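Commentary on secondary and tertiary structure
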Amino acid sequence: MLSKIVFCINDRISVDKQMQAQAKAAIAYLNECGIAGELHHVTDGSRLICDDPGQTLFLADDEIVAQTLQEKGYYVIAWQAESDLNRKFGGVKYIFTNIDEVDLDSYVKVYQRLAGISWTILETERCLVRETRVEDVDDFYRIYADPAMTRYMEGLFENPEDERRYTRDYIEKVYGFMGFGVWTVIEKCTGEIIGRAGFSVRNGFDEVELGFLIGVPWQGKGYAMEVCRKIMEYGRTVLQFGTVQTLVKKENEISIHICEKLGFRAYDEVNIEENIYGESYQNGHSVSFSPSHYGKYIRLIWEADKRG
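Residues numbered from 1 in each chain as written. Predicted model: local features only at pLDDT ≥ 70, side-chain atom pairs only at ≥ 80, totals over all residues. Heavy atoms only, no water.

1. Let's talk about the overall build of the chain
Counting secondary structure elements, the chain contains seven helices and 15 strands. The principal-axis extent of the C-alpha atoms belonging to the chain is close to 65 × 45 × 40 Å. Relative to its 308 residues, the chain shows a buried fraction of 46%. As displayed, the chain has an accessible area near 16,400 Å², and 48% of this comes from carbon and sulfur atoms. With 35 positive and 49 negative side-chain charges, the chain shows a spacing of 2 Å between the two charge centroids. (Helix = DSSP H or I, 4+ residues; strand = E, 2+ residues; numbered from the N terminus. Buried < 20%, exposed > 50% of the residue type's maximum accessible area, 1.4 Å probe, protein only. Areas by Shrake-Rupley, 256 points an atom, 1.4 Å probe, with all protein chains shown as cover. Lys, Arg positive; Asp, Glu negative; His and termini not counted. Charge placed at Lys NZ, Arg CZ, Asp CG, Glu CD.)

Here it is as structure tokens:
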């Protein structure tokens, strides 16, 4: 858990008094939020020692300082002055500029990403929706083991190790790059994983896509509607999606009905290639291909300005 944020200014590089003022204001704000804040004047970061690096986030205004801190295994964000937006920070994943406009949630989210901690996306009355973890894969196989789960959608890789490799890549490349994806749904009262839901991007389409599934033992209890309603609200208010599509097999009348209740309207019928990842997954590449197979899907569209 994040407990401290350290702002590092290299006086030989940064003589911007505004940055120092921003740091002091940010520290005061963080202290009010229960997070310790510190300001250090450093040259290369080599003498900066952290007693609890696992719970500390560093902001560095200099590339050398940032690299030195990263080499120590610390979690580092580049801190770029508005007056020097051309400064390079090689190897640093995240850059902040106007820290007086950065809220606590932003600090926490970046810290969690650097620390490999899954984000909690939202909660409903009965469910928690969070980013998927590699250890969720075993529960996914138990859910997908019921033949009814793959009647209208693709299943998992035959080899669980392939699924785990795919999940690791997904966490890094989809969550890390896009900030959203398909998430894990958990029943709060039991702590059990009961399904998956979220947004994805499909090649050949402009709109992001809503997808969802709830395991057979939990179907018929309103979980899909409860979770997807909150996810759509998250997409509208947080992710700023104005239009969302969903693709449902023509025969899947229950899912079509759920989507219509969410405000989706049937738009057209499309042929979608299925099993695009092949039979196995190695190092981010599908290595065993199967013949192309297409299925007929109803494409439904949701528009923020036409919510009923």
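2. Thoughts on the sheet that holds strand S10 (residues 208–214)
One open sheet accounts for eight strands, arranged S6-S7-S8-S9-S10-S11-S15-S12; its pairing is mixed. Of all strands in the sheet, those with a lone pairing partner are strand S6 (120–123) and strand S12 (265–274), marking the two edges. Across the sheet, the mean angle separating the axes of adjacent strands is 30 degrees when strand polarity is ignored. Bridge count for strand S7 (residues 127–130) against strand S8 (residues 182–187) is four bridges, and the pairing is antiparallel. Of the residues in S8, the one forming a bridge with Arg-130 is Thr-184. Docked against the sheet, helix H4 (residues 137–144) engages S8, strand S9 (193–201) and S10, running at close to 100 degrees with respect to S9. (Pairing = 2+ DSSP bridges. Axes fitted to C-alpha atoms, helices over the stretch in contact; angles between N-to-C directions. Contact = heavy atoms within 4.5 Å.)

3. Describing the layout of surface pockets
The volume enclosed by the second largest pocket comes to roughly 540 Å³. Lining the second largest pocket are 23 residues; nearest its centre among them are Ile-214, Gln-219, Asn-252, Ile-254 and Ser-255. Put simply, the parts of the chain that give the lining of the second largest pocket at least two residues each are S10, helix H6 (223–237) and helix H7 (253–261). Classifying every residue of the lining of the second largest pocket by side-chain character gives 13 nonpolar, six polar and four charged. (1 Å grid on protein atoms, 1.4 Å probe; cavity = no way out; pocket = protein on both sides within 12 Å on 5 of 7 lines; lining within 4 Å. Points joined across faces, edges and corners; volume = space filled by probe spheres on them. Nonpolar A, V, L, I, M, F, W, Y, C, P; charged D, E, K, R; others polar.)

4. Overview of H7
Within H7 the residues assigned to the buried category are Ser-255, Ile-256, Ile-258 and Cys-259. Buried residues in H7, looked at end-on, bunch into an arc of 160 degrees, giving them a common side. Of the exposed residues in H7, those oriented more than 90 degrees away from the buried face are Glu-253, Ile-254 and Lys-261. Looking at the buried residues of H7, the elements they touch are S10, H6, strand S11 (243–249) and strand S15 (293–303). (Arc of directions from axis to C-beta.)

5. Let's talk about the sheet that holds strand S1 (residues 4–9)
With parallel pairing, five strands are arranged side by side in an open sheet as S2-S1-S3-S4-S5. Of all the strands in the sheet, just strand S2 (36–41) and strand S5 (95–96) have a single pairing partner and so form its edges. In terms of strand pairing, S1 meets S2 through six bridges, oriented parallel. By the bridge assignment, Val-6 is partnered in S2 with Glu-38. In the packing of helix H1 (residues 17–32) onto the sheet, the strands contacted are S1, S2 and strand S4 (75–79), and the crossing angle to S2 comes to about 160 degrees. Across the face of the sheet, helix H2 (residues 63–71) comes into contact with S1, strand S3 (56–60) and S4 while running at roughly 155 degrees to S3.

6. Describing the pattern of salt bridges
A full pass over the atoms with the stated rule returns 16 salt bridges. In this structure, Arg-142 and Asp-139 form a salt bridge, with 2.6 Å as the shortest nitrogen-oxygen distance. In this pair, Arg-142 and Asp-139 are both assigned in helix H4, three residues apart and thus about one turn of the helix distant. The residue Asp-268 makes a salt bridge to Arg-299 at a minimum N-O spacing of 3.1 Å. Within this pair, whereas Asp-268 is found in strand S12, its partner Arg-299 is found in strand S15, the two being separated by 31 residues in sequence. By relative accessible area, which is 28% here, Asp-268 ends up partly exposed. Because the salt bridges share partners, they merge into one network encompassing Asp-138, Glu-161 and Arg-164. (Salt bridge = Lys/Arg side-chain N within 4 Å of Asp/Glu carboxyl O.)

7. Some details on the environment of Asp-136
Along the chain, Asp-136 turns up in the loop between S7 and H4. As a C-alpha pair, Asp-136 and Thr-167 span 31 residues in sequence and 9.3 Å in three-dimensional space. With residues up to four places along the chain from it excluded, the contact list for Asp-136 reads Arg-130, Glu-131, Thr-184 and Ile-193.

8. Concerning the pairing of S6
For S6 and S7, the ladder comprises three bridges, and the chain directions are antiparallel. Looking across to S7, one finds that Thr-120 is bridged to Arg-130. If you look at the hairpin formed by S6 and S7, you'll find three residues sitting between the two strands.

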